[in-house]
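# Geometric and topological summary
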Amino acid sequence: MDFSVREAPASTEIVLSGRMTFADHDTFRDVIATFERPAGHRVVFDLSRLDFVDSSGLGMFIIARDTAQRRNLDFAIRGARDEVRRLITIAKFHTMFNIAD
C-alpha cells in the first residue's frame, strides 16, 4: 500500500493506493501519525485508488477510526470502488463509519 497526504486548513485527506494487507501495518503507523491535528479537524481516507483490502486492512480502518475518536477528529472514508466497496459493505462498515461519497 502507498499513501499520500493532502493538507487543507480544516481537513487532511489521506489517499490510499494499491493493495492494503497485513504487510502494511508498519506503513499504516505512518498514516496514523498524520492524525496529530486539533480537535474537530476532519480526516478523510480517499480509497478511490485502493485496489484490494484484506481483513487486516479492514482492521486498520477500525484502528484509524478509534484513533480519530480518541483525538476528537471528524473521520470519514470515501471513494471505495469495486472489490473494496463490496468488502466494506459485507463487513457492514457503512454502519460503523462515516462513508462520504
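To keep things clear, this report deals only with the structure shown in the data block. Since the model is a prediction, treat every value here as computed from it, not as a measurement.

### What about the overall build of the protein?
A count of helices and strands for the protein gives three helices and four strands. Counting from the amino terminus, helix and strand elements in the protein follow one another as β-β-α-β-α-β-α. Each principal axis of the C-alpha atoms in the protein carries an extent, and together these give about 35 × 25 × 20 Å. Counting only contacts in the protein whose residues sit at least 6 apart along the sequence, the fraction spanning at least 24 positions is 70%.

### Points about the side chain of D24
Turning to its location among the elements, D24 is positioned in the loop between β2 (11-20) and α1 (25-33). No salt bridge is formed by the buried D24, whose closest oppositely charged neighbour, R19, lies at an N-O distance of 7.7 Å. Beyond its immediate stretch of four places on either side in the chain, D24 contacts M1, R19 and M60.

### Brief notes about the nonpolar core
Among the nonpolar cores identified, the biggest contains 27 residues, and L16, F35, F45, L47 and F61 are the most heavily contacted of them. Put simply, the parts of the chain that give this core at least two residues each are β2, α1, β3 (42-53), α2 (55-70), β4 (74-78) and α3 (82-90). Contacts of L16, omitting those with residues within four sequence positions, involve M1, D2, F3, V31, F45, D46, L47, R49, L50 and F61.

### Quick notes on the pairing of β4
Alignment of β3 against β4, held across five bridges, turns out to be parallel. What sits directly across from V43, in β4, is F75. Between the parallel pair β3 and β4, the chain is carried across by α2, and the sense of this crossover is right-handed.

### What about α2?
The terminal C-alpha atoms of α2 lie 23 Å apart, and with 16 residues this matches the ideal 22 Å at 1.5 Å per residue to within 8%. If you check which residues of α2 are buried, you get G57, L58, M60, F61, A64, R65, T67 and A68. Where α2 starts, the residue carrying a side-chain oxygen 3.0 Å from the main-chain nitrogen of S56 turns out to be D54. Looking at the residues trailing α2, positive phi occurs at N72, about 60°.

Definitions and cut-offs
Residues numbered from 1 in each chain as written. Predicted model: local features only at pLDDT ≥ 70, side-chain atom pairs only at ≥ 80, totals over all residues. Heavy atoms only, no water. Helix = DSSP H or I, 4+ residues; strand = E, 2+ residues; numbered from the N terminus. Contact = heavy atoms within 4.5 Å. Buried < 20%, exposed > 50% of the residue type's maximum accessible area, 1.4 Å probe, protein only. Lys, Arg positive; Asp, Glu negative; His and termini not counted. Salt bridge = Lys/Arg side-chain N within 4 Å of Asp/Glu carboxyl O. Core = buried A, V, L, I, M, F, W, Y, C linked by side-chain atoms within 4.5 Å. Pairing = 2+ DSSP bridges. Right-handed = clockwise from strand over helix to strand, strands pointing away. Expected span 1.5 Å × (residues − 1). Polar contact = N/O pair within 3.5 Å; in protein donor to acceptor, adjacent residues only side chain to side chain.

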